[in-house]
There are 6 protein chains.
Amino acid sequence: MFELTHLTWREVRETARTGIALLPIGSQEQHAGHLPMGTDTLLVEAVVDAALAELGDDGPGVVRLPSLPFGHSPHHLFAAAVSLSAPTLAAVLADILGSLAESGFRRILVVNGHGGNDEIMRLAVKRFALDADVSAAACSYWTVTEGGDDGENPGATPGHAGWFETSLMLAAKPGLVRETDPWQPVDPAPLFDKPPYPGLTVERHGEWARVGGTTDDASLATAEAGRNLLEHRAAGLAGAIRAFDAATAHSHGNQ
Amino acid sequence: MFELTHLTWREVRETARTGIALLPIGSQEQHAGHLPMGTDTLLVEAVVDAALAELGDDGPGVVRLPSLPFGHSPHHLFAAAVSLSAPTLAAVLADILGSLAESGFRRILVVNGHGGNDEIMRLAVKRFALDADVSAAACSYWTVTEGGDDGENPGATPGHAGWFETSLMLAAKPGLVRETDPWQPVDPAPLFDKPPYPGLTVERHGEWARVGGTTDDASLATAEAGRNLLEHRAAGLAGAIRAFDAATAHSHGNQ
Amino acid sequence: MFELTHLTWREVRETARTGIALLPIGSQEQHAGHLPMGTDTLLVEAVVDAALAELGDDGPGVVRLPSLPFGHSPHHLFAAAVSLSAPTLAAVLADILGSLAESGFRRILVVNGHGGNDEIMRLAVKRFALDADVSAAACSYWTVTEGGDDGENPGATPGHAGWFETSLMLAAKPGLVRETDPWQPVDPAPLFDKPPYPGLTVERHGEWARVGGTTDDASLATAEAGRNLLEHRAAGLAGAIRAFDAATAHSHGNQ
Amino acid sequence: MFELTHLTWREVRETARTGIALLPIGSQEQHAGHLPMGTDTLLVEAVVDAALAELGDDGPGVVRLPSLPFGHSPHHLFAAAVSLSAPTLAAVLADILGSLAESGFRRILVVNGHGGNDEIMRLAVKRFALDADVSAAACSYWTVTEGGDDGENPGATPGHAGWFETSLMLAAKPGLVRETDPWQPVDPAPLFDKPPYPGLTVERHGEWARVGGTTDDASLATAEAGRNLLEHRAAGLAGAIRAFDAATAHSHGNQ
Amino acid sequence: MFELTHLTWREVRETARTGIALLPIGSQEQHAGHLPMGTDTLLVEAVVDAALAELGDDGPGVVRLPSLPFGHSPHHLFAAAVSLSAPTLAAVLADILGSLAESGFRRILVVNGHGGNDEIMRLAVKRFALDADVSAAACSYWTVTEGGDDGENPGATPGHAGWFETSLMLAAKPGLVRETDPWQPVDPAPLFDKPPYPGLTVERHGEWARVGGTTDDASLATAEAGRNLLEHRAAGLAGAIRAFDAATAHSHGNQ
Amino acid sequence: MFELTHLTWREVRETARTGIALLPIGSQEQHAGHLPMGTDTLLVEAVVDAALAELGDDGPGVVRLPSLPFGHSPHHLFAAAVSLSAPTLAAVLADILGSLAESGFRRILVVNGHGGNDEIMRLAVKRFALDADVSAAACSYWTVTEGGDDGENPGATPGHAGWFETSLMLAAKPGLVRETDPWQPVDPAPLFDKPPYPGLTVERHGEWARVGGTTDDASLATAEAGRNLLEHRAAGLAGAIRAFDAATAHSHGNQ
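What this report covers is the structure whose coordinates are included nearby. Because the structure is predicted, anything quoted here is derived from the model rather than measured. Within each chain, residues carry numbers counting from 1 in the order of the written sequence. Chain letters and ligand numbers both follow the written order, the letters beginning at A and the numbers at 1. Confidence filtering applies because this is a predicted model: local features only for residues at pLDDT of at least 70, side-chain atom pairs given and counted only at 80 or more, and all residues used for totals across whole chains, interfaces and linings. Working from all heavy atoms in the structure, the side-chain values ignore hydrogens and water.

### So, the overall build of chain A
For step 1, the next point in the chain: Along its length, chain A carries seven helices and eight strands.
For step 2, the next point in the chain: Values of the radius of gyration come from C-alpha atoms, whereas the globule rule sets the reference at 2.2 Å times the count of residues to the power 0.38. Over its C-alpha atoms chain A spans a radius of gyration of 19 Å, differing by no more than 12% from the 18 Å that the globule rule assigns to 255 residues.
For step 3, the next point in the chain: Its C-alpha atoms give chain A principal-axis dimensions of roughly 55 × 35 × 35 Å.
For step 4, the next point in the chain: The buried label applies to any residue whose accessible area, calculated with a 1.4 Å probe on protein chains only, is under 20% of its type's maximum; exposed applies above 50%, and partly exposed to all values in between. A burial count over chain A gives 63% of its 255 residues as buried.
For step 5, the next point in the chain: Contacts are assigned to residue pairs with any non-hydrogen atoms lying within 4.5 Å of each other. Considering only contacts in chain A between residues 6 or more positions apart, those separated by 24 or more positions represent 76%. Helix numbers and strand numbers start at the N terminus; a helix is a DSSP run of H or I with at least 4 residues, a strand a run of E with at least 2.

Here it is as structure tokens:
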């Protein structure tokens, strides 16, 4: 594994021929009273670190870009956030992907740590592979799992600043987790988190402020659950990287 | 149910107070050798028609807009398509949603018939409800089902121009279905349809042209399967409309 | 005549070689108390239908696209409208025209039903033919006439929701015409309709709301006048299509 | 009459209350072998000069902006031009009109010297008056005439670099007119100048280069015809300014 | 020296091969109570006139474009200005530079008269030379000096509507200079003019209105100082043109 | 000093009232054969770290954002870079600055590590302070010095991948510096680095590739020079922060 930041341009050109460029993207946004603004960035980095460690020297050559620390978080500005608009984030991803192709990469993977980035990331990857002779992949870290039992709580995954993220932070960055506020569920539950019908997305104005910025009871989180979650996500991401490598080796002209 | 096209502006203002505006969106794009360019538009209209018929006079007041007959289909231009770029489709949806709010609507539902529109539609709905005091909902017609057994073939749902869409067209518009070409699966299967790892999206350049524009064997399609699929989607959409109505009644100031 | 919606992509490619793609564009906007929101779309479709019927099998091959049912109507939002902004409509037309060329068409005609679309349509057609090796044409349905006496009332043509459009609707969609409100001319007459000097366009803020959304007395309209108007516009459009065909046959490489 | 360039900002604020801001817009583009690149700018300035002289001290207070010397001329780049794209020119006009309103003006007139600017100018004026409490007007100098006999040649008005513009230049800037090339009409005549059917706009790719950049025989031009044309256009523009003043005095709040 | 406005397109193509296109850009904005709105445009034109006169027939062939009379002046709208937004001005410059290259020029110089245009001009020149095979140069007229003693007052150069610009106007356009208001320095001095630390740019909201639109005491200005300043700037610009010519002759393919 | 990434949103709101938000921006781009892609980001972070350490607890409250690791580097794509276009970087900065203001900050400082970002950063800061009631500041780390003798080499400051940056990297990140290639000056020297006339910016197409991506002889660099440079820049930045704090305390409403 290589850090793009540390490579010279000739090393970039050389690794780009057969390697995979990996871009983590996160956010800076309110995570209730007990988690820090950078939670999504810190967690996607923790999962990527662990996945690359698991791949070790046997895996495909991965060149890791510095994380994009800002994401699309306008719904959290009622409290505090550093948010890129949807067109801005789309432009950033298009420019990064285009630069990587121009610098020689043919296989690129974006790993996301923030739900609000998801659609924009998928659109960016699709448009990119349509125009350039590349294979481009994307995932959000909580959706790539190797399956199996990891003590999970599907109704609270990933949620926002609740059991899932708090457990992961207790495992990955315990020093940054403050005491949780007492959980006060709102009634009705927020529509963005619990759609009123399967397959239907509903957005109601002002919903994030109404529910106070959390989706479920963070006081149920434990470091042990977090270690399990982290381990399975890391294994899942490692598996996804191996699978992407296998599926796209020899797909493009200059490899 | 009302057609926006047929209402006077005073009727629009009156129905907008408590009603739901419903916008179907589709596409014009290649659907292999046996289905017509407008398949996605025809099918979303068929599902919406049937759902509104099922709701009847007891349901919430729905004002149906004319379908947007063009979607985001750049991946089908290798054959033939009328495609709006992602920024253009985003702008169209933002303008339509904004106009509806300015004309008095507080609850709006977008029903989609084409996979390529999905992310753009969800982004549009989210951004809209963030800025305006409205509830906005979105679904793709194949994802809202009331569950139960409908003789489905999950591995081929929705696919593109395969068993699912061909069955539906045999039920809804049989006169427009030509004889299918013999099915020749490509190896490896296209990455956009069968990701190499759960939760991972992969886009490889040139994949749609390589696989000839179809995801699975359309010759397996039957009109009977299509009638089942259509019935369950219509019931699902009717249920989604009722649930949206129940969840958002009395949510906004001028209701 | 073919409907693009009904053709397979191979049929599109085949007809595109020598045929003409025809795109109707309309609007959804207030048309006073007696005409429906979709008046402009309904009328452009009625004229196109009649013109294509008149051309019959002897005419050039025309592939008709589904109408764009939304236009540029910000001046009608004081009452009700679904309006695309000028940049959005320009982008939609550019994307549609570009897709048609990419799908093989070399000759394209846009037929417009709403005054507010006019400049944007003409700009789109000009830019398109500058960049691509095509011939592109545009007209508003009320300006292509074969001349002759059609009982016209030039001072009220086309106007908005007045004698002209109401007569046409009485001929084409009588069931959608409600009783007209008593005519109350405003003084001074609206500047957008009666410029204070020949050749001078003047726009005064708030003028559409001041005059109540109508330009002239709709109660003078009759179905008979409407049938005359419709017949002459259809004949005019048929003539325009024949003339476009004759002027541009063999103009482009792949024909 | 005042030049904006020469006024202090306090004089601008004072004249803006009841005066009319006048913006001439032109182009820099090929005008065949005998007329200079700046023909359209020079001619619109000549007409504006003469009209303002005719109005004299009795007319409404007019504050004249410096001409925008560049217009929308992509169709002349086959030879030579300095062209703003359509979105750029639209943005320039929106910024200028918005600045004038912010600086206190309530009545603004754009006078155009180049056909390619026409639609963009009209759109800009409409959008501006929709958003701001102003009256905005626009004309192309060749369309505002007081009528009467001016020895005109309607089939060649305005054309491009032909009888009309050459005559005017012989009257206004004789030192800049070179000897005309012998006239060689092309067959068929260019579609942009002679549409194949009344009311139909047709643009064929490459047409300007095919016809060599001129629409009609410039050798027929005379300085006397030019003086007549100039005099009647100036009288027309003076009349249009008076009419605009009369129609919009006392229309806006701060007057 | 040639005026682009006066050349035919064939003369443009011929001079473009080895000549330099020169574009002056200015502004229309408040210049306190004693200087006119067009001060920046008038001064850049005065310096360019004098520099080209100094170069005479021995210098490189320069084709002078008409000045862009509007610049980026949003900070002066509190009083009065005609301002292009930053994206608009960037688009205008990109379109002009691109047109010049498309018309045959390989060497282009932008000469600026307004501080607010500076960054936008430099960005435009850089982007242009990156994409096109050209050499592009830019300067603000007050920064190109041949050095030497010109009686200067560095602390007040260029400032805004103070000693520097008023002196130049007394030399170049004395009839447009009104009596200065008594100088009332504000405390603290405006941060945009006197940064609190070397190398640090600070912008505080509302600062231009707070200081009344002037940076220093204009009553100290004299026509003699203005003549010196003008002479040295003209000599500097003439030197810069000679140096640009020498450095880039034979740099590009078609020369 | 606080890391935004580590704060909860309530801590952000509290520190924002009187604190200064500090955003470092860098780049990923070729730095010759001996320095890594992330040089500019690493160096701006080193200077910021040292400056904040020097300020200690007595300085103003500074909330440090995560660095933006990508900048505007299109001129380095001939070798390798991850570059944001100028409009994209402008949008990113506008969104970040706007979010900070919306989250409560009134004083914001951008510290830049890459020459190519300079104009875009200054424009962003100016536009931001025009619209919002804030004080915004910007500097590039090499331009804020406390003066004094630091063994500097003005002709090579900052340059690109030469004596200045290599010395700093030898001091800050010695493990990432490879052996320098032998220095081969090109003749003529690159115009972007040595303008042919004082005050004149010249950009010649292809210049970066011609000179091989370096401006001066990196083999002259030493760690000791680097420590001096770093110390003086850190002291300069600490001074700039103190001065910004002093100049803008109590400038804005909610402080």
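### Observations regarding the arrangement of the chains
For step 1, the next point in the chain: Regarding chain B and chain D, which are not in contact, the minimum distance between any of their C-alpha atoms is 15 Å.
For step 2, the next point in the chain: In this structure chain D stays clear of chain F, and the shortest span between their C-alpha atoms is 15 Å.

### A few points about the interface of chain B and chain C
For step 1, the next point in the chain: With 48 residues of chain B at the interface, the matching set in chain C holds 48 residues.
For step 2, the next point in the chain: Contact between chain B and chain C buries roughly 3600 Å² in total, counting both sides, with carbon and sulfur atoms accounting for 62%.
For step 3, the next point in the chain: If you sort the residues of chain B by the area they bury against chain C, B:Thr5, B:Trp9 and B:Phe70 come out on top, with a joint share of 15%.
For step 4, the next point in the chain: Salt bridges are counted wherever a side-chain nitrogen of Lys or Arg sits within 4 Å of a carboxyl oxygen of Asp or Glu. One can count four salt bridges joining chain B with chain C.
For step 5, the next point in the chain: A salt bridge links B:Glu11 to C:Arg178; the nearest nitrogen and oxygen atoms lie 2.7 Å apart.
For step 6, the next point in the chain: Polar contacts here mean pairs of N or O atoms no more than 3.5 Å apart (in protein, one a potential hydrogen donor and the other a potential acceptor; neighbouring residues in sequence count only if both atoms are side-chain atoms). On the surface where chain B and chain C come into contact, there are 20 residue pairs in polar contact (both at pLDDT 80 or more).
For step 7, the next point in the chain: For the side of chain B that touches chain C, the secondary-structure elements that each account for two or more residues are helix H1 (9-16), strand S5 (81-82) and helix H3 (86-102) of chain B. Values labelled buried area give the accessible surface lost by two parts on being combined, using a 1.4 Å probe and summing over both.

### Details of the side chain of A:Thr8
For step 1, the next point in the chain: Considering the arrangement of structural elements, one finds A:Thr8 in the loop between strand S1 (2-3) and helix H1 (9-18).
For step 2, the next point in the chain: Filtering out sequence-adjacent residues up to four positions away, A:Thr8 remains in contact with F:Ala32, F:Gly33, F:His34, F:Leu35, F:Pro36, F:Met37 and F:Arg178.

### Considering the packing of aromatic side chains
For step 1, the next point in the chain: Centres within 6.5 Å make a pair out of two Phe, Tyr or Trp rings, where for Trp the six-membered ring is used; the pair is then stacked when the planes are under 30 degrees apart, edge-to-face when over 60, and tilted otherwise. Applying the stated criterion across every chain, the model contains 23 aromatic pairs over all chains.
For step 2, the next point in the chain: Summarising the aromatic geometry, the rings of D:Phe192 and D:Trp208 are spaced 4.0 Å apart at their centres and angled 15 degrees between planes, so their arrangement reads as stacked. Taken together, the residues D:Phe192 in the loop between helix H5 (163-172) and strand S8 (201-204) and D:Trp208 in helix H6 (residues 207-211) connect sequence positions 16 residues apart.
For step 3, the next point in the chain: Three or more aromatic residues link up through ring pairs in this structure, and these residues are A:Tyr141, A:Trp142, A:Trp163 and A:Phe164.

### A few points about the interface of chain F and chain A
For step 1, the next point in the chain: Tallying the contact residues gives 48 residues for chain F and 48 residues for chain A.
For step 2, the next point in the chain: Summed over both partners, the interface of chain F with chain A buries about 3600 Å², with 62% contributed by carbon and sulfur atoms.
For step 3, the next point in the chain: Contact with chain A buries surface across chain F, with F:Thr5, F:Trp9 and F:Phe70 losing the most and accounting together for 15% of the total.
For step 4, the next point in the chain: Summed over the shared surface of chain F and chain A, the result is four salt bridges.
For step 5, the next point in the chain: The interface formed by chain F and chain A contains 20 residue pairs in polar contact (both at pLDDT 80 or more).
For step 6, the next point in the chain: Counting only elements with at least two residues in the side of chain F that touches chain A, the list comes to helix H1 (9-16), strand S5 (81-82) and helix H3 (86-102) of chain F.
For step 7, the next point in the chain: Considering every element that reaches the side of chain F that touches chain A, the biggest residue donor is H3(F), with eight residues.
For step 8, the next point in the chain: Here the nonpolar group is Ala, Val, Leu, Ile, Met, Phe, Trp, Tyr, Cys and Pro; Asp, Glu, Lys and Arg are the charged ones; every other residue, Gly included, is treated as polar. Of the residues in the side of chain F that touches chain A, the class split is 27 nonpolar, 14 polar and seven charged.

### Some words on helix H7 (residues 223-248) of chain C
For step 1, the next point in the chain: One less than the number of residues in a helix, times 1.5 Å, gives the span that helix is expected to have. Helix length check: H7(C) (26 residues) gives 37 Å between terminal C-alpha atoms against 38 Å at 1.5 Å per residue, within 8%.
For step 2, the next point in the chain: With its phi angle positive at about 65 degrees, C:His250 sits one or two positions after the end of H7(C).

### Quick look at the relation of the copies chain B and chain C
For step 1, the next point in the chain: Least squares is the method for superposing the copies, and the C-alpha atoms it fits come from residues with pLDDT of at least 70 in both. Placing chain B over chain C gives an RMSD of 0.0 Å and needs a rotation angle of 180 degrees, together with 0.0 Å of translation along the axis. Both copies are brought into coincidence by an operation consistent with a two-fold rotation axis. Residue B:Thr88 of chain B places its C-alpha closer to the rotation axis than any other residue of that unit, at 3.3 Å.
For step 2, the next point in the chain: A share of 100% of interface residues in chain B that are also interface residues in chain C marks the association as one of identical surfaces.

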